Amino acid sequence: MTLAAPQSAPASAVFDAGRWPDLVELLSRRPADLMMYTPSAAPETNQPRAFNVQVSPPKPAALVGLIQQKSSFEETLFNNLVSLKVATSLYAMHLSAEERARLFARLDSVINTEDWHEDDSLPRSESFVNFLKWMVYSNDFSWSSIGVSNEGNVLVAWSRPDLVLTAQFFVQNKVTWTSTVETKEGPAHTVGTCSLQYFATQALFYLSRGAMR
Amino acid sequence: MAVDRVETNSERAGFKMTAENAIDVILINSDSFGSARLAPYDRWENLVAGARSNFETFTKVVGRKQITRIATRFINRFDIPTEKIEGHSFAKFVRVGVSLPIAVSHVIGDYSLAVTGFEVSTGAKFLIQNGTVPPALLDHISISLDIDAYWDSEIPTRIEEIWEKAETLRDAKNAIFENCITDEMRELIQ
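Since the structure is predicted, the reported quantities are computational estimates derived from the model, not experimental observations.

It is worth spelling out the nonpolar core at this point. Within the largest apolar cluster, 43 residues are counted, with the highest numbers of intra-cluster contacts made by A:Leu103, A:Phe131, A:Trp158, A:Phe169 and A:Phe199. Put simply, the parts of the chain that give this core at least two residues each are helix 3 (73-89), helix 4 (97-110), helix 5 (125-138), strand 5 (154-160), strand 6 (163-169), strand 7 (175-183) and helix 6 (196-207) of chain A. By residue number, the principal contributor to this core is helix 5 of chain A, which donates 7 residues. Counting 23 residues, the second-largest nonpolar core is a separate cluster that includes B:Phe33, B:Leu47, B:Trp151 and B:Leu169.

Structural data, given as structure tokens:
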């Protein structure tokens, strides 16, 4: 048996994360290192389907975590981008292929070496996950753009000819939002802070054009 | 008892490599090599084809090793709307679970279990882990059904025969899955 309950684990262990194309290089360059590692239970997150060929008898499992190898800024950005995309896999069954592709394209556009500096706060996956949760909950996939706040929270905007709605998704169950609606009497501004669930009600009010009636 | 000092000790377990598509993953330990696929899932045939290709690369680099275990692991997460589970037993959705004497509690909250056995139709060994997990969606509860089907004896030495043996694990994990969920769950995940 390769798996054991975490509470019986003797020590924690870590996975080094790396890019896929490094497989041959990794195996070629560091075969000796591979013999030093403690066997781990299984993928620790994101619930992958695994097809696993084990080449020696299993040993007791350990608590498994994931750390990034010391890497360049470019690699750090890549790992951050991949972590957001992997987070999306948790919601793949609730997203269309087109929506998933649109999210990935936007993430690719936002997270790049030209626009990011080493001191910038990278996007927080918990914040991004809350945005995904909100989308599935509200069943509204009409966002126009995605950005990142100075703190690493995900910013989302919905732009229409007579409406601009923006939201900042926090790592907790919290959203701060603003709306600007063009009315006959001039622009109307509103701001709010609420839960993800209540923001669905708020946002859909604006996005369904309820505020313009 | 007061604790003056807490020490932690961690050591490298292996490598996890994620493809740029963020759904194909390779896991390398000192004694195992695994290919994994995240959602959205693909056909079994494609999963195996990828695993074979990765394993061929692995073998070219490190050479042939004696294989002592072949396994496939499917980690299923079910998201159940809160209003569908409130006031009901988990047995409404999964046919594996835990029970408590009424004298202890009238309700079962979060739970987890692990059970091993031999799958009836194939004879493959299995480890099933089932329980509640942190909800992935708002106003839902999530249940994990983690199926690890494997062979750890009488592993053939010829590579083609190894993969043929691995193929039987597909039937094992399918049989376990289908027998562990209810029609209510089938309706929910359709």
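Residues and elements named next belong to chain A. Two elements, strand 4 (residues 145-148) and strand 5, share 4 bridges in a ladder whose sense is antiparallel. Bridge pairing in strand 5 places Gly147 opposite Leu155. Between strand 4 and strand 5, which pair antiparallel and follow one another directly, the connecting turn spans 5 residues, one of which, Gly152, has a positive phi of 95°.

Summary: where empty space remains is shown by rolling a probe the size of a single water molecule over the atoms. Residues and elements named next belong to chain A. Within this structure, the stated rule accounts for 4 cavities of 30 Å³ or more. Computed from the structure, the second largest cavity encloses a volume of approximately 40 Å³. Together, Leu84, Leu107, Val110, Ile111, Pro123, Phe128, Ile146, Gly147, Val148 and Val154 line the second largest cavity. For the lining of the second largest cavity, the secondary structure elements donating two or more residues are helix 4 and strand 4. When its residues are assigned to classes, the lining of the second largest cavity shows 9 nonpolar, 1 polar and no charged.

The rules we used
All residue numbers refer to position in the chain's written sequence, counted from 1. By the order in which they are written, chains take letters starting at A while ligands take numbers starting at 1. The predicted nature of this model means local features are confined to residues of pLDDT at least 70 and side-chain atom pairs, given and counted, to a pLDDT of 80 or more, with totals for whole chains, interfaces and linings taken over all residues. Only hydrogens and water are set aside when side-chain values are computed; all heavy atoms of the structure are taken into account. As used in this record, nonpolar core signifies buried Ala, Val, Leu, Ile, Met, Phe, Trp, Tyr and Cys residues forming a set joined through side-chain atoms within 4.5 Å. Three labels apply to residues, based on accessible area from a 1.4 Å probe with only protein chains included: buried if under 20% of the type maximum, exposed if over 50%, partly exposed otherwise in between. Put simply, DSSP H or I for four residues or longer makes a helix, DSSP E for two residues or longer makes a strand, and each gets a number counted from the N terminus. Two strands form a pair only when DSSP identifies at least two bridges running between them. Using only the protein atoms, space was sampled on a 1 Å grid; points where a 1.4 Å probe fits but cannot get out form cavities, open sets with protein on both sides within 12 Å along at least five of seven lines form pockets, and lining residues are those with an atom within 4 Å of a point. Grid points are joined across faces, edges and corners, and a volume is the space filled by probe spheres set on the points. Each residue gets one label: Ala, Val, Leu, Ile, Met, Phe, Trp, Tyr, Cys and Pro are nonpolar, Asp, Glu, Lys and Arg are charged, and the others, such as Gly, are polar.

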